[in-house]
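Listed below, chain by chain, are the residues.
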Amino acid sequence: MTNVLYDALFGQHAGRETPFLHLINGETLTHAAFLERAAQLAHALTACELTAGDRVALQIDKSADALALYAACVQAGLVFLPLNPAYTAHEVDYFVSNSGAKLLIGDPAKADSLRSVAKAAGAVFETLDAQGNGSFAARAADQHRSFKTVPRSGDDLAAFLYTSGTTGRSKGAMMTQTNLLSNARTLTDLWQFTSKDVLLHALPIFHTHGLFVATNVMLLSGGAMIFMPKLDVDQLIEHMPRATSLMGVPTYYTRLLDHPDFTADLTKHMRLFISGSAPLLAETHKLFEARTGHRILERYGMTETNMNTSNPFDGMRRAGTVGFPLPDVELKVTDPETGETLSQGEIGMIEVRGPNVFKGYWQMPEKTAAELRSDGYFITGDLGLIDDQGYVQIVGRGKDLIISGGYNIYPKELEVILDDMPGVLESAVIGLPHADLGEAPVAVLARQKGANPDPDAILETLAIQLARFKCPRKVIVVDALPRNTMGKVQKNVMRQTYAKVFKA
Ligand code: MCA
Ligand code: AMP
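Residues numbered from 1 in each chain as written. Chains lettered and ligands numbered in written order. Predicted model: local features only at pLDDT ≥ 70, side-chain atom pairs only at ≥ 80, totals over all residues. Heavy atoms only, no water.

## Here we look at the side chain of threonine 267
Within the secondary structure, threonine 267 sits in helix H11 (residues 264-267). Each residue touching threonine 267, except ones within four places of it in the same chain, is listed here: Met240, Phe262, Phe273, Thr292 and His294. (Helix = DSSP H or I, 4+ residues; strand = E, 2+ residues; numbered from the N terminus. Contact = heavy atoms within 4.5 Å.)

Shown next, in the form of structure tokens:
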């Protein structure tokens, strides 16, 4: 038996002395060197007494080694579970214990808190930083540069990505080898990536966009990536002359447009700009075209499904739409109450089916059954329509979710903590328009009678538990939250009332 994902993404490059990762320090790692490093890491993983199917949780900064660990997990048949370095130890604790990870690899700078997390969950703890220091790097250093690939079938699990829910607790989305490979193949073909491509890669590699879309497509096509630790617009501009393509969330494009050195001349040779993870304003699309002559290609996906739709490579890329369902994805719009399929043009729930759709939520059969129908359709929680030319438009969300700079923030996760804060009767967290991040979270707190909750103290307490990107950018204290006649809190009213809080 083979290991379908390893063979297609990585194995095909064995011995290829072609560039794969151009690092910002000027070093270039060839495909062959990358695979050799991955093999060393795979040996180090198995030395931790892991066996096929075990989960490996990883909370480290973006680096070539962090990416090689993805390859190593796939090669060793382990389930890769990457975590945002911004998560607090409190958050990591949940992911490690919920997933039953056998190994946690973390930054040496956070060793004290993460070691306790691993210990409580019965996991081994190792360290690795972006400079290649740490106990795990030491374990890998003298290992063989080849590793016997562990056989896996397409239905075997390759990765877990945690995604929150409207009830607050995160769910581990189980991605199979086929989920990842089928989507990468479809996108590579559709977007016409080849070994001549060089992608500007500034996205994080702990989410679908930077890992499964950007990286898998580049691995399949055999191209190279200019691999940046994080978004730095000056760096993007500096390296653009050597690149052919860019993938980013809308904030990448608004920040580029805000930079005086971002000119038509700079982008003349570029083949493709792709946006996703959050709505790209039609205005940004138009400004970008006016500045550069390029039409950004917008696509739509989710953690549970990878990518579902894309504007065409050849053909009209329409602003304000996410394009057509991918060739192997079925998409329908249904009545959210009855599940009946609606007619073209009607707004309803977007449902998708295809080889891209995940296997379910780890050890949460009820949650899986609530969102993944027995006929294979996944209920996305996004509201949209299919227009008269077949383009899909997302018009809103049926789920209470804020997308800030491409990161998801689930209000419920904050509200359960805020409701318990001194002087707070109840809370509502809403997303408000923000020029840089698209939306940013704001907490509206109803005070207890006679109390005067202190927003600064509240934010400080919140930041002990939750990653800072989730923390409200503003706290508004009111006497009571608006409610409708049924007694339901009206977030839409608050969104209107406070719509301009981030506008100067
Ligand atoms: C950082 N901060 C944020 C965000 N990022 N706050 C709100 N929203 C954010 N997205 C906060 C930090 O906590 C910190 O707060 C302060 O901003 C500065 O941090 P820094 O890291 O310097 O921020 P930045 O470099 O300006 O980052 C903004 C960013 C980044 C470039 C937009 O967040 C980013 O790269 N986002 C991409 C996310 C992504 O890849 N999403 C794909 C998900 P403090 O000062 O208080 O400490 S996959 C997905 O959605 C689906 C599948 C799909 O379709 O792709
Ligand atoms: P996540 O679960 O983090 O992968 O976030 C997925 C959600 O991001 C989707 O359900 C959508 O609400 C949103 N999303 C992704 N791409 C787009 C897009 N191009 N336009 C609008 N929303 C998007």
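## A look at empty space enclosed by the protein
One pass over the full model with this rule turns up four cavities of 30 Å³ or more. Taken as a whole, the largest cavity holds about 70 Å³ of empty space. Lining the largest cavity, in full, are Leu58, Ile60, Asp61, Lys62, Ala66, Phe80, Pro82, Leu83, Ile205 and Phe206. Approximately 60 Å³ is the volume found for the second largest cavity. If you go around the second largest cavity, the residues you meet are Pro82, Leu83, Asn84, Tyr87, Leu161, Tyr162, Phe206 and His207. Residues that form the lining of the second largest cavity fall into these classes: six nonpolar, two polar and no charged. (1 Å grid on protein atoms, 1.4 Å probe; cavity = no way out; pocket = protein on both sides within 12 Å on 5 of 7 lines; lining within 4 Å. Points joined across faces, edges and corners; volume = space filled by probe spheres on them. Nonpolar A, V, L, I, M, F, W, Y, C, P; charged D, E, K, R; others polar.)

## So, the site of ligand 1
Around ligand 1, 25 residues are found, and the nearest of them are Ser277, Arg299, Ser404, Arg468 and Arg473. Measuring from a nitrogen atom of ligand 1, one finds a backbone N or O atom of glycine 406 at 2.9 Å. Take phenylalanine 469: an N or O atom from its main chain is 3.4 Å from an oxygen atom of ligand 1. If ligand 1 stood free it would expose 1000 Å²; the protein chains cover 75% of that surface. (Near = heavy atom within 4 Å. Polar contact = N/O pair within 3.5 Å; in protein donor to acceptor, adjacent residues only side chain to side chain. Areas by Shrake-Rupley, 256 points an atom, 1.4 Å probe, with all protein chains shown as cover.)

## With respect to the layout of surface pockets
Size it by volume and the second largest pocket reaches roughly 500 Å³. Mapped onto the lining of the second largest pocket, the elements with two or more residues apiece are helix H2 (31-47) and helix H3 (64-75). Residues belonging to the lining of the second largest pocket are distributed by class as follows: twelve nonpolar, four polar and five charged.

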